[in-house]
Amino acid sequence: MQLLLMGPPGAGKGTQAAELVKKFDIPHISTGDMLRAAVKEGTELGKQAKVVMDAGGLVSDEIIIGIVKERLTKDDCKKGFILDGFPRTVEQADALSKILEELGIKLTRVLNIHVPAEDLIERAVGRRICKKCGATYHVKFNPTQKDGICDNCGGDLYQRGDDNAETMGNRLAAYEKSTRPLIEYYQKVGIYTEIDGRKPIDKVTEELISVLVK
Ligand code: AP5
Ligand code: MG
Ligand code: ZN
């Protein structure tokens, strides 16, 4: 199963990808997570990406396409994958088609988690992530049992540097300008499904799975 999870910043892509990994046992490929790992390691890519990410802009297509191509050719992707946060521009979508053609595979489905803009800033600003295992929480919508401590592993929680109202404004603008056109792009291909992302997390998961196991 080759899946693409789309949706604006804070829509719930990472949260839902974690559930789909449990259900279908295929790797979760998040370009945002890969970039944050590079920032943490302090690589040249990480240094360049950090400036762009902190401002809420998009990292260049060339860099992102290179990273994804390398990742998709790894052995674990032979059983399928969940792409999250890529493609984000028409150029990236065209590059993905080419990569998949070379690999002799096709996208099974493009799932767009739809959440209205007015909800997204609250989701991002309230997001907390575990330093140790990467689990995602929300102070209001998905709180941990103990404040600041991960339920899964007891790790400390942190807030992403780009999860503030100001940067979110830029991330949402980048989404509108560069990523929203991909809805029509994949509608034309005929593999596009929209999911109502305003429902509680477990309901959204149920809907995603029901589309996939049909
Ligand atoms: P990336 O990490 O991909 O960020 P994003 O697209 O902005 O999406 P988020 O990770 O913020 O949100 P999400 O949809 O995963 O939501 P989550 O599940 O965490 O990219 C970061 C940056 O990297 C970009 O800005 C860009 O600079 C760069 N980048 C990455 N990919 C790139 C590319 N392809 N090209 C160029 N640049 C790229 O949920 C959010 C919160 O809401 C959580 O707190 C969660 O608990 C809560 N929540 C989730 N679902 C629900 C629900 N149903 N109800 C209530 N709360 C919910
Ligand atoms: Mg995410
Ligand atoms: Zn944890």
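This text gives an overview of the structure that appears in the document. What you are looking at is a predicted structure, and each value in this text was computed from that prediction instead of being measured.

Reading the values: rules and limits
- Residues numbered from 1 in each chain as written.
- Chains lettered and ligands numbered in written order.
- Predicted model: local features only at pLDDT ≥ 70, side-chain atom pairs only at ≥ 80, totals over all residues.
- Heavy atoms only, no water.
- Salt bridge = Lys/Arg side-chain N within 4 Å of Asp/Glu carboxyl O.
- Helix = DSSP H or I, 4+ residues; strand = E, 2+ residues; numbered from the N terminus.
- Donors = N, O, S within 2.8 Å, 3.2 Å for Na, K, Ca; no water.
- Tetrahedral: all angles 85-135°; square planar, octahedral: opposite > 155°, others 65-115°.
- Buried < 20%, exposed > 50% of the residue type's maximum accessible area, 1.4 Å probe, protein only.
- Near = heavy atom within 4 Å.
- Polar contact = N/O pair within 3.5 Å; in protein donor to acceptor, adjacent residues only side chain to side chain.
- Areas by Shrake-Rupley, 256 points an atom, 1.4 Å probe, with all protein chains shown as cover.
- Nonpolar A, V, L, I, M, F, W, Y, C, P; charged D, E, K, R; others polar.
- Domains from an automatic or database assignment.

Moving on: the pattern of salt bridges. Applying the stated criterion across every chain, the model contains 17 salt bridges. Between Lys22 and Glu19 there is a salt bridge whose closest N-O contact spans 3.2 Å. Pair noted here: Lys22 and Glu19 are both in helix α1 (residues 13-24), with a separation of three residues, about one helical turn. The closest approach of N and O atoms between Asp162 and Arg171, which form a salt bridge, is 3.7 Å. Where salt bridges share partners, they join Arg127, Arg160, Asp162, Asp163 and Arg171 into one cluster.

Reference values for coordination geometry: four tetrahedral donors around a metal ideally subtend 109.5 degrees, six octahedral donors ideally subtend 90 or 180 degrees. The protein atoms that coordinate the zinc ion (ligand 3) are Cys130 (SG), Cys133 (SG), Cys150 (SG) and Cys153 (SG), at distances spanning 2.2 to 2.4 Å. For the zinc ion (ligand 3), the four donor atoms are set out with angles of 98 to 116 degrees between them, so the coordination reads as tetrahedral. Along the chain, the residues donating to the zinc ion (ligand 3) are arranged with the sequence spacing C-x2-C-x16-C-x2-C. Placement of Cys130 in strand β5 (residues 127-130) and of Cys150 in the loop between β6 (136-138) and β7 (157-158) is noted, with a sequence separation of 20 residues between them. Cys130 sits in the buried class, given a relative accessible area of 2%. Judged by relative accessible area, Cys150 falls into the buried class, the value being 4%.

As a further point, take the site of ligand 1. Taken together, 35 residues are adjacent to ligand 1, and Thr15, Gly57, Arg88, Arg127 and Arg171 come closest. In the environment of ligand 1, an oxygen atom lies 2.7 Å from a nitrogen or oxygen atom belonging to the backbone of Tyr137. Arg160 places a polar side-chain atom, nitrogen or oxygen, 3.0 Å from an oxygen atom of ligand 1. With the chains in place, 97% of the 1000 Å² that ligand 1 exposes on its own is no longer accessible. When residues of the shell around ligand 1 are traced back to their parent elements, those giving at least two are α1, α2 (31-41), β6 and α9 (201-212). For the shell around ligand 1, the leading source of residues is α2, giving four residues. Classifying every residue of the shell around ligand 1 gives 14 nonpolar, 12 polar and nine charged. Both of domain 1 (2-116 + 165-212) and domain 2 (127-162) provide at least three residues apiece to the shell around ligand 1.

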